[in-house]
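Here is what each chain is made of, one letter per residue.
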Amino acid sequence: MAEKEEHRKIFEYLDYREFLRDYYQSKKAANPAFSLRAFSDKIGFKAKDFISRVMQGDKNLSAQSIQKIVTGLHFGKREATIFEDLVWFNQAETMDEKNSWFQKMQNELKIVRFTEGQHQLAFYQYQVYSHWRHLVVRSLIGMYGFHGDFASLSKSVHPTITIEEAKESVELLEKCNLVQKKEDGSYELVNKDITTGDRTSKIALRGFHQRCLALGAESIDRDPPNMRNISGLTLGISQEGYEKIVERMSAFRKEIAQIANEDKDADKVYQLQLLLFPIGGKL
């Protein structure tokens with residue numbers, strides 16, 4: 001018998017591990033006797049701890065393992081395709097690979113009839129963080145407003161983007177309900193503040209930060225010293241010291257956000273990246 005409720009839910013996810021965890025928990029809630037061993041038997045894995053390690057992120061799925069899950073969970077053809085794409089999307093090692101699988105999923109979802117708008121929204125949200133220009137356009141609309149002059153908007157982004165890219169950004173922000181078009185044809189922000197705490201953005205943030213770091217490196221040659229500030233420290237610290245610094249960085253980031261929120265004369269969009277990463281250790 002097909003398990004329709006679980007099949008529908010796959011379209012809401014951008015993390016197959018989270019889908020599997022939710023599936024297991026829902027079964028466990030309905031039947032306390034449904035154990036990880038029972039889950040493994042249902043799927044057909046000989047190693048009883050394998051599915052647990054997959055859900056925890058310690059193991060990846062192979063093509064053979066994917067087919068076992070597809071069969072064991074009684075996926076239909078469309079659900080099976082989306083699940084497989086989702087696995088390769090999550091397990092991709094580079095952003096180019098990840099974006100390629102994401103585009104494939106989008107193409108599949110175009111022919112799926114959703115009963116709730118939130119299913120599609122998760123994929124639009126991924127796109128917002130897939131390129132730095134979308135959030136820059138959003139900030140510009142928030143500061144200056146926007147009345148449909150895409151040529152002017154494209155030139156306001158630094159470095160300049162194309163008119164078509166400006167149009168794509170505004171359309172995407174509308175789909176995500178981050179900006180809205182008013183009756184007079186102008187645009188305004190729906191919410192002043194947005195966060196990156198949801199599961200969708202966490203997946204996309206990897207590529208977002210990579211692109212922002214590249215922009216920062218280019219800024220050294222592109223922008224005059226009075227328009228940028230780049231500095232760094234090389235530190236010898238323990239794990240405890242690292243955790244203390246991360247805590248201070250988090251507090252500092254919130255303080256900076258508050259300064260920006262209270263700035264009534266904002267006329268430029270800046271990108272602030274706080275970095276702390278290992279470059280050496282015990283041999």
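Definitions and cut-offs
- Residues numbered from 1 in each chain as written.
- Predicted model: local features only at pLDDT ≥ 70, side-chain atom pairs only at ≥ 80, totals over all residues.
- Heavy atoms only, no water.
- Helix = DSSP H or I, 4+ residues; strand = E, 2+ residues; numbered from the N terminus.
- Expected span 1.5 Å × (residues − 1).
- Buried < 20%, exposed > 50% of the residue type's maximum accessible area, 1.4 Å probe, protein only.
- Core = buried A, V, L, I, M, F, W, Y, C linked by side-chain atoms within 4.5 Å.
- Patch = residues over 30% accessible without salt bridge, like charges linked within 9 Å, V, L, I, M, F, W, Y side chains within 5 Å.
- Areas by Shrake-Rupley, 256 points an atom, 1.4 Å probe, with all protein chains shown as cover.
- Salt bridge = Lys/Arg side-chain N within 4 Å of Asp/Glu carboxyl O.
- pLDDT = per-residue confidence, 0-100.
- Contact = heavy atoms within 4.5 Å.
- Phe/Tyr/Trp six-rings, centres within 6.5 Å; stacked < 30°, edge-to-face > 60°.
- Lys NZ or Arg CZ within 6 Å of the ring centre and 35° of its normal.

### Examining helix α9 (residues 132–144)
Along its 13 residues, α9 runs 19 Å from first to last C-alpha, staying within 8% of the 18 Å computed at 1.5 Å per residue. Of the positions making up α9, those classed as buried are W132, R133, H134, L135, V136, V137, R138, L140 and I141. Trailing α9 by a residue or two, G145 shows a phi angle of about 75 degrees, which is positive.

### Here's the deal with the nonpolar core
Generally speaking, soluble globular proteins have nonpolar side chains that are buried together. L20, F39, L61, I69 and F83 are the most contacted members of the largest nonpolar core, which has 34 residues in total. Those elements giving two or more residues to this core turn out to be α2 (16–30), α3 (36–43), α4 (50–56), α5 (63–72), α6 (77–91) and α7 (95–109). A per-element tally of this core places α6 first, with six residues. Counting 24 residues, the second-largest nonpolar core is a separate cluster that includes L135, I141, F146 and L172.

### Side note on a nonpolar patch on the surface
Taken together, the side chains of L233, L235, I237, Y242 and V246 present a nonpolar region at the surface, about 470 Å² in accessible area. Tracing the chain through its elements places V246 in helix α13 (residues 239–262). V246 gets classed as partly exposed once you look at its relative accessible area, which sits at 35%.

### Comments concerning the confidence of the model for the protein chain
When the pLDDT values of the protein chain are averaged, the result is 83; 84% of them are 70 or greater. The secondary structure element of the protein chain with the lowest average pLDDT is helix α1 (residues 4–9), at 48, and the one with the highest is helix α10 (residues 150–156), at 94. Taken together, the stretch residues 1–8 has pLDDT below 50 and engages in 18 contacts with residues farther than four places along the chain or on a different chain. Under a pLDDT of 50 for its full length, residues 113–119 has, in the predicted model, ten contacts with residues more than four places off or in other chains.

### Regarding the packing of aromatic side chains
Tallied over the entire structure, the rule returns 14 aromatic pairs. A centroid spacing of 5.5 Å and a plane angle of 80 degrees characterise the contact between Y13 and F19, whose relative ring orientation is edge-to-face. Each member of the pair, Y13 as well as F19, is classed as buried. Grouping aromatic residues by their ring pairs yields a cluster made of Y13, Y16, F19, Y23, Y24, F34, F39, F75 and F83. Positioned over the ring face of F89 is K98, at 4.8 Å from the centre of the ring.

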